[in-house]
Amino acid sequence: MTGETAGHDRAAPAFTFSAENLKAARDVIAKYPEGRQASAVMPLLDLAQRQNGGWLSPAAIEYIADFLEMPRIRVWEVATFYTMYKLEPVGRHHVQVCTNLPCWLRGSDAILGTCREHLGIRVGETSEDNLFTLSEVECLGACVNAPMMQIGDDYYEDLSPDSVRAILDDLRAGGTPKPGSQIGRRSCEPVEMPDPATGTDGGDGGV
Amino acid sequence: MPKLTIDGHEVEVDPGLTVLQACELQGIEIPRFCYHERLSIAGNCRMCLVAMKGSPKPIASCAMPVAEGMVIETDTPQVHKMRKGVMEFLLINHPLDCPICDQGGECDLQDQAMAYGFDRSRYHENKRAVEDKYMGPLIKTIMTRCIHCTRCIRFASEVAGVPELGATGRGEHMEITTYLEHAMTSELSGNVIDLCPVGALTSRPYAFVARPWELRKTETIDVMDALGSNIRVDSRGSEVLRVLPRINDDVNEEWISDKTRFACDGLRRQRLDRPYVRRQGRLQPANWDEAFAAIAERVNGTEGSRIAAIVGDLACAESMAALKDLMEALGAPHIDCRQDGAYLEGEPRSSYLFNSTIAGIEAADACLLIGSNPRVEAPVLNARLRKRYLAGGFAVGLIGEPADLSYPYDHVGTTAGDLGRILAGAHPFAERLRGAERPMLVLGMGALVGRDGAAVLAAARRLAEDVGMIDPAKPWNGFNVLHTAAARVGGLDLGLLPGAQGRDVRGILDGAATGAIDVVFLLGADEIDMARLGQAFVIYQGHTGDAGASRADVILPGAAYTEKDALYVNTEGRCQAALRAVHPPGEAREDWAILRALSDVLGKTLPYDSIRELRARMAEDCPWMGAVDSVVAARWGGFGREGPLGDEPLRSTIDNFYLTNPVCRASVTMAECVAARAGLADDRTGTDG
């Protein structure tokens, strides 16, 4: 038993913060009173996850635990509690499709289906070229622009199967698709602006 | 004091109590799973719900402090309905495997389901299943049964001081585990088995062995360390199947160490169940008459000055008293109960006691540990030190090898010389001690086994006097000796020390090696260097075949601590009575009776025919042995011998917590613990390097 985990530990590359992240980590810790550095565990785990290619290896968790002088199990508890900390390796682009009620009503099944087909992977899997990992997530708080998905730090909203394919193709080609609404509306303003002349308010906002 | 109404009765209770505690004081039992009086409050099982007037929702009584004018109802149909609801939720994901569960018959969930359970389930979906976790060789886990009370997590973090257990995931996916499933590295880990209110954490060695109602329960005393933990021995037929703690707030609260709990399988192995006599160089089975005759042949005609006796760590007070009387009758002054060679004097009694008492630790506000690692020498006492540390305002200093004690300390020094420097005031910790209201020191055997033991003892005494550890006005005596052997204090009380011109352990071994000692009687002494016994005729009286028995010329099979009515005096001088749980195996006999019979054969018949007469004789010299379970404050006096303090590092005398006496060395479970710890150590060097 111990041998198995030990092997796991040894296989994972060691983790230490880059100079940049080390400074960022110290800045975060400085926000908390002396001796309360454990409060910084969540931002530090996020820093580590970003540096580590989108997931937290045991080595990274142990590094954070030692860095904050916390028992390892306490950091492990935090990392397993929040779904946004990934405990398995992910592809370069982590595609997270919202399938909660508003997005579902607006067609998230089709969005997720398009992702599956276009990437050739099922939910929870990573593509063979290690570019994409597909996840189904709970509400990301952009219901007004449903359906939506998150890739990396960016939200892609007002999606249709076609726009999803375009975004994924662009990413695969190494491009950076424009985040936000894919039908060109600004922020979450009504899809059709009210016409001051007629007084109509743009109808029910159907796309 | 707040006044509140509980079930129509107006009561007045101390402020700071919880509603649950107030109810308990009224004799009202509140069902609970997560609440435990020695752990912090979690309030997550919701079983203790009661109704409070003015609150539209029920309150968790374990987490609600009492307040003036509260009106609490604990026994209304509404409260019953709420508890039934909680129970139904708990049972949704709890497997119905009571028939194959080791907790069956002593399970809180089972018991409370009798009162609040529903006789069928309304839940038709699949129950949740959780993978079992590895927590080491002592704890068996069936995690599907876990109801997430978090008692084990709180015990590990708070009492044991090893924050290794935790809850991963959340909601339905919450699971209790150790980090990457490493074994728990605590000497107190077995207590989570008692704390677990369901069958999620059970005893691995005891798995599928017996049901609680099959067992005969004997309330007795533990001898694995010098604490004298109060235990209950569960036996069936002639076998001790398990050991559980009893509550004694003055000694062990309700914890016991893993050695106390799990070494009992050693009582079934390597047992000496008949006398043996060495003939033509080989130990041959014999009967009692032959064994006694072999001894008589050798002892009769040998001068008393050529006979010696060494007492081991597990001897009971009765056998030691009988041995002393026998040696006196033989005119043999060479007798010693300090087989590790620690320098201890027989007078005054305060020079070798844990004078502050164990419970007294909680009154202390500064502590200096000298040559002691209480975590391995007495884990339950260490938990008390940790409890005091957690209460705040407790400065701990250590002179000796650094070790993880589960609380922070100031590493004052490593050698006895550093004790001298503290005495001279050359270290700031001296000021801490001096400024403390009730300072204490803990003098371990590690500080006294060196050549400078007498000087260390004297220096510790002087330090205690200098910094105000001895204050009869308070009254307070913070001079504490932490023994590692259950027999030691009883032996010192009864005067099992070299008489005039007598040799101590070192002298006896030197004498045996050079031929000045012809006969050595070992009363369960296994931790001496047998090679130095030379050509001496060795009589070994004990219960387990270990180093002493394999060197012996005659073996007299005695009784282990679970097999005799016996007195033990713990490190604080508390005399406690052990009771017989099972009979000694085969032809083995109670130890005092063996010595009494031997005295008869040697023509020096001891003047007592029953254990009552023997105890009466012991109580003449040591009145506290007539008053079981009480601590008498010991008179202070001069002791020790001033001298140069050495530069050798002070190390605890215990190298391996799991292998300190013949019983635990015979235990398979203890061997597994050693292997698990060794595995962890390998792992560390692999990943931490």
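Presented here is a report on the structure given in the accompanying data block. (Residues numbered from 1 in each chain as written. Chains lettered and ligands numbered in written order. Predicted model: local features only at pLDDT ≥ 70, side-chain atom pairs only at ≥ 80, totals over all residues. Heavy atoms only, no water.)

## Examining the environment of A:E138
Residues and elements named next belong to chain A. Worth spelling out the cut-off: Each helix is a run of DSSP H or I of at least 4 residues and each strand a run of E of at least 2, with the numbering of both proceeding from the N terminus. Note on classification: 1.4 Å probe, protein chains only; a residue is buried when its accessible area is under 20% of the maximum for its type, exposed when over 50%, partly exposed between these limits. When checking whether two residues touch, look at their non-hydrogen atoms; a contact exists if any pair is within 4.5 Å. Definition of a polar contact: a pair of N or O atoms within 3.5 Å, with one able to donate and the other able to accept a hydrogen when the atoms are protein atoms, and with sequence-neighbouring residues admitted only if both atoms are side-chain atoms.
Among the secondary structure elements, E138 is positioned in the loop between strand 2 (132-137) and strand 3 (149-151). The exposure class assigned to E138 is exposed, which follows from its relative accessible area of 55%. Along the sequence, E138 and C98 sit 40 residues apart, while their C-alpha atoms lie 5.6 Å from each other. For E138, the residues in contact, after removing those within four places along its chain, are C98 and N100. At 2.7 Å, the side chain of E138 and the side chain of N100 are in polar contact.

## Considerations on the sheet that holds strand 23 (residues 479-482) of chain B
Residue and element names in this part refer to chain B. Here is the rule: At least two bridges found by DSSP between two strands are what make those strands a pair. Axis angles are defined between N-to-C directions and span 0 to 180 degrees, where every axis is a line fitted to C-alpha atoms and, for a helix, only to the segment in contact.
Taken in spatial order, the five strands of this open sheet run 19-18-17-20-23, and their pairing is parallel. Every interior strand has two partners, whereas the edge strands, strand 19 (410-413) and strand 23, have only one. Strand-to-strand, the axes of this sheet are offset by a mean angle of 25°, without reference to chain direction. Here strand 20 (residues 439-444) pairs with strand 23 via four bridges, running parallel. By the bridge assignment, L441 is partnered in strand 23 with F479. Together, strand 17 (366-370), strand 18 (395-399), strand 19 and strand 20 form the strand contacts of helix 12 (residues 428-435), whose direction differs from that of strand 17 by roughly 130°. Against the sheet, helix 14 (residues 453-466) contacts strand 17, strand 20 and strand 23, and its axis sits at roughly 170° relative to strand 20.

## A short note on helix 3 (residues 108-116) of chain B
Residues separated by three or four positions in an α-helix point in the same direction, a consequence of the helix having 3.6 residues per turn. All names here are of chain B. For clarity, the threshold we go by: Directions are taken from the helix axis to each C-beta atom, and the arc is the one they span.
Burial in helix 3 covers these residues: L109, Q112 and Y116. Considered in projection along helix 3, the buried side chains sweep an arc of 70° and stay on one side of the axis. Where helix 3 is buried, its residues meet helix 2 (77-92).

## Some remarks on unusual backbone geometry
Residue and element names in this part refer to chain B. Between E347 and the following residue, P348, the backbone shows a cis peptide bond with an omega angle of -15°. Looking at the secondary structure, you find P348 in the loop between strand 16 (334-336) and strand 17. That bond from K474 to P475 is cis: its omega, -15°, falls within 30 degrees of zero. Within the secondary structure, P475 sits in the loop between strand 21 (470-471) and strand 22 (476-477). Even without being glycine, D7 reaches a positive phi, approximately 50°. Summarising the element assignment, D7 is placed in the loop between strand 1 (3-6) and strand 2 (9-12). Note on D7: relative accessible area 23%, which makes it partly exposed. The phi dihedral of T150 is positive, around 65°, even though this residue is not glycine. Take T150: it is sitting in the loop between strand 6 (139-141) and helix 4 (151-160).

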